Amino acid sequence: VQVGEGGDFIASMVTAQGGWVHAVAEDGFLYSFDLGKGELGHLLKAHEKDVIGVVSHPHRNLVATWSDDGTLRLWRASAHGD
């Protein structure tokens, strides 16, 4: 997967159930990779400023991203089971 205009991934994590990898990149997008299918499952613009990190809730379909501008955003990962 190529990230935006020559950027890099900043942070990534595997969900507790192991089915997905969520990653944030210099382009401000949240990338969600479906490990079972081996493909990018979801892509969304998470922040306008530099993204610092990503984490998912261990038991709920929630992903949190945070940015250099001091914002924290919660995303419902309802399209998949973990």
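Structural data are supplied above this passage.
The model shown is predicted, which means the values in this text are computed figures rather than measured ones. (Residues numbered from 1 in each chain as written. Predicted model: local features only at pLDDT ≥ 70, side-chain atom pairs only at ≥ 80, totals over all residues. Heavy atoms only, no water.)

Scanning the chain from terminus to terminus reveals zero helices and seven strands. For the chain, the α and β elements follow one another from N to C terminus as β-β-β-β-β-β-β. The buried share of the chain, reckoned over its 82 residues, is 37%. Residue pairs in contact within the chain that sit at least 24 positions apart in sequence constitute 28% of those at least 6 positions apart. (Helix = DSSP H or I, 4+ residues; strand = E, 2+ residues; numbered from the N terminus. Buried < 20%, exposed > 50% of the residue type's maximum accessible area, 1.4 Å probe, protein only. Contact = heavy atoms within 4.5 Å.)

Hydrogen bonds between backbone atoms are what pair the strands of a sheet, whose relative direction is either parallel or antiparallel. One open sheet accounts for four strands, arranged 1-2-3-4; its pairing is antiparallel. Since the sheet does not close on itself, it has two edges, and those belong to strand 1 (9-14) and strand 4 (39-45), each with one partner. Each neighbouring strand pair of the sheet contributes to a mean axis angle of 20°, computed without reference to strand direction. Alignment of strand 2 (residues 20-25) against strand 3 (residues 29-34), held across five bridges, turns out to be antiparallel. Bridge pairing in strand 3 links Val-24 to Leu-30. (Pairing = 2+ DSSP bridges. Axes fitted to C-alpha atoms, helices over the stretch in contact; angles between N-to-C directions.)

Structurally, Ser-32 is set in strand 3. By relative accessible area, which is 6% here, Ser-32 ends up buried. A distance of 2.8 Å separates polar atoms of two side chains, one belonging to Ser-32 and the other to His-22. Residues within four places of Ser-32 in sequence aside, it is in contact with Trp-20, Val-21, His-22, Glu-39, Leu-40, Gly-41 and His-42. (Polar contact = N/O pair within 3.5 Å; in protein donor to acceptor, adjacent residues only side chain to side chain.)

If you look at soluble globular proteins, the nonpolar side chains tend to sit buried side by side. Within the largest apolar cluster, eight residues are counted, these being Met-13, Val-24, Leu-30, Ala-46, Val-51, Val-54, Val-63 and Ala-77. Excluding its chain neighbours within four sequence positions, the residues that come into contact with Val-63 are His-22, Leu-30, Val-54, Val-55, Ser-56, Arg-73, Leu-74, Trp-75 and Ala-77. Membership of the second largest hydrophobic core comes to five residues, among which are Val-21, Ala-23, Ala-25 and Tyr-31. (Core = buried A, V, L, I, M, F, W, Y, C linked by side-chain atoms within 4.5 Å.)

Along strand 2, six of the six residues are buried, which leaves the element largely enclosed by surrounding structure. Here strand 2 shows a buried face lined by Trp-20, His-22 and Val-24 and a second buried face lined by Val-21, Ala-23 and Ala-25. Strand direction decides the pairing type here: strand 1 and strand 2, joined by five bridges, are antiparallel. Bridge pairing links Met-13 to His-22 in strand 2. Here strand 1 folds back onto strand 2 in antiparallel fashion, the turn holding five residues, of which Gly-18 has a positive phi close to 85°. Hairpin connection of strand 2 to strand 3: three residues between the antiparallel strands, including Gly-28 at a positive phi of 85°.

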